[in-house]
Amino acid sequence: PPRSTQSRSSAASDVYKRQVHGESNSQKKSSQTNSLQMFKLGFRSMTNHFRYAQKLQQLRFFATSNGLKYTQSHEWVRYDEDTQEIFVGITDYAQRELGDIVHVDLPEVGTKFTTGQPLCVIESVKVAADVYTPVTGQVSKHNSLVKEDPSLINRSAEEEWLLGLIVQKFNDLEGLMTKEQYDEYLKTLEK
């Protein structure tokens, strides 16, 4: 027997509802997937933006007249943005106080240090003196020229670096002084 018109329209209505709701569910899933992907992209973008902001802050931190920062124990620090390392040396004041430098004892590459630990020893005709690490980090390289000829430090102390360090805590750099602040600090030592 043929179906009634009412049952045909009811069946068509059911099919239509399934199609509409089926599309709606798949649209919801697609929308959720798109939202998740957009969230992930946004998170990556925010993370990259944060890293960029950190790097920019580090570069601004070292944007001084000579590109160096100083410690009260007379070390200088220079940041290399290409390798993301800092290079450590002693100040001109320190080399004058030491006199003729005859030997530099450097730690092995890979050695880890925390802020304030003795990093290496510089020997002069007068005395042996510790050089302290200004940041927590790991030794990444030595200046082999200074190791072979320590007198280079006497000739150009604020150009000849001793060690390269991979920094593990950039906030350690916040306590370092600019050239102007270091010069003011030296004036207090002369009194």
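Residues numbered from 1 in each chain as written. Predicted model: local features only at pLDDT ≥ 70, side-chain atom pairs only at ≥ 80, totals over all residues. Heavy atoms only, no water.

Asks: It is not clear to me how the environment of Thr136 should be interpreted in this structure. Could you clarify?
Replies: Its place among the elements puts Thr136 in the loop between strand E7 (128–132) and strand E8 (137–142). On a C-alpha basis, the gap between Thr136 and Ile166 in space is 8.5 Å, while along the polypeptide they are 30 residues apart. Residues contacting Thr136, with those up to four places away along its chain left out, are Phe113, Thr114, Thr115, Ile166, Val167, Gln168, Lys169 and Asp172. (Helix = DSSP H or I, 4+ residues; strand = E, 2+ residues; numbered from the N terminus. Contact = heavy atoms within 4.5 Å.)

Asks: Where do I start with the sheet that holds strand E5 (residues 112–113) in this structure?
Replies: The strands that make up a sheet are held in pairs by hydrogen bonds between backbone atoms, and each pair lies either parallel or antiparallel. Sheet architecture is open: 6 strands sit in the order E1-E2-E3-E9-E8-E5, paired in antiparallel fashion. Looking along the sheet, the strands with just one partner apiece sit at the ends: strand E1 (68–70) and E5. In the sheet, E8 pairs with strand E9 (residues 163–167) via 5 bridges, with the strands oriented antiparallel. Across the sheet, residue Gln138 finds its bridge partner in E9, namely Ile166. (Pairing = 2+ DSSP bridges.)

Asks: Just checking my understanding: could you explain the nonpolar core for this structure?
Replies: For soluble globular proteins, the rule of thumb is that nonpolar side chains tend to be buried together. Residues Ile86, Ile90, Val104, Ile122, Ile153 and Leu162 are the most contacted members of the largest nonpolar core, which totals 26 residues. At the level of elements, strand E2 (75–80), strand E3 (85–90), helix H2 (92–98), strand E4 (101–105), strand E6 (118–124) and E9 are the ones that each hand at least two residues to this core. Not counting residues within four places of it along the chain, the set of residues in contact with Ile90 comprises His74, Glu75, Trp76, Gln95, Leu98, Ile101, Ile122, Val131, Ile153, Ala157, Glu158 and Leu162. Grouped together as the second largest cluster of nonpolar side chains are 10 residues, Leu68, Met177, Tyr182 and Leu186 included. (Core = buried A, V, L, I, M, F, W, Y, C linked by side-chain atoms within 4.5 Å. Buried < 20%, exposed > 50% of the residue type's maximum accessible area, 1.4 Å probe, protein only.)

Asks: Whenever I open this one, the sheet that holds E6 confuses me. Can you help?
Replies: Across the sheet, 3 strands lie side by side as E4-E6-E7; this open sheet has antiparallel pairing. Each having just a single partner strand, E4 and E7 make up the two edges of the open sheet. The sheet shows a mean angle of 25° between the axes of neighbouring strands, taken without regard to direction. Here E4 runs beside E6; their pairing, made up of 4 bridges, is antiparallel. (Axes fitted to C-alpha atoms, helices over the stretch in contact; angles between N-to-C directions.)

Asks: Can you walk me through the packing of aromatic side chains in this structure?
Replies: Two numbers describe a pair of aromatic rings. These are the distance of the centres and the angle of the planes. By the definition in use, this model includes 3 aromatic pairs. Aromatic side chains Phe87 and Trp161 sit 4.8 Å apart centroid to centroid with 65° between the ring planes, which places their arrangement in the edge-to-face category. Of this pair, Phe87 sits in strand E3 while Trp161 sits in the loop between helix H4 (151–155) and E9, and the two are 74 residues apart along the sequence. Like Phe87, the residue Trp161 is buried in the burial classification. Ring plane angle 35° and centroid distance 6.4 Å describe the contact between Tyr182 and Tyr185, whose orientation is recorded as tilted. With Tyr182 and Tyr185 both in helix H5 (residues 179–190) and 3 residues apart, the pair spans about one turn of that helix. No difference in accessibility class separates Tyr182 from Tyr185, as the two residues are buried. Here a set of aromatic residues connected by ring pairs shows up, and it is made of Tyr70, Tyr182 and Tyr185. (Phe/Tyr/Trp six-rings, centres within 6.5 Å; stacked < 30°, edge-to-face > 60°.)

Asks: I would appreciate a short explanation of the pairing of E6 in the present structure.
Replies: Regular strands place side chains that alternate from one sheet face to the opposite one. Here E6 pairs with E7 via 5 bridges, running antiparallel. Looking across to E7, one finds that Val121 is bridged to Asp130.

Asks: Teacher, can you tell me more about the side chain of Thr71 here?
Replies: Mapped onto the elements of the fold, Thr71 is located in the loop between E1 and E2. Taking relative accessible area as the criterion, Thr71 reaches 9% and is therefore assigned buried. A distance of 3.3 Å separates polar atoms of two side chains, one belonging to Thr71 and the other to Ser73. A distance of 2.6 Å separates polar atoms of two side chains, one belonging to Thr71 and the other to Glu75. Sequence-distant contacts of Thr71, defined by excluding residues within four places in its chain, comprise Pro134, Leu176, Met177 and Tyr182. (Polar contact = N/O pair within 3.5 Å; in protein donor to acceptor, adjacent residues only side chain to side chain.)

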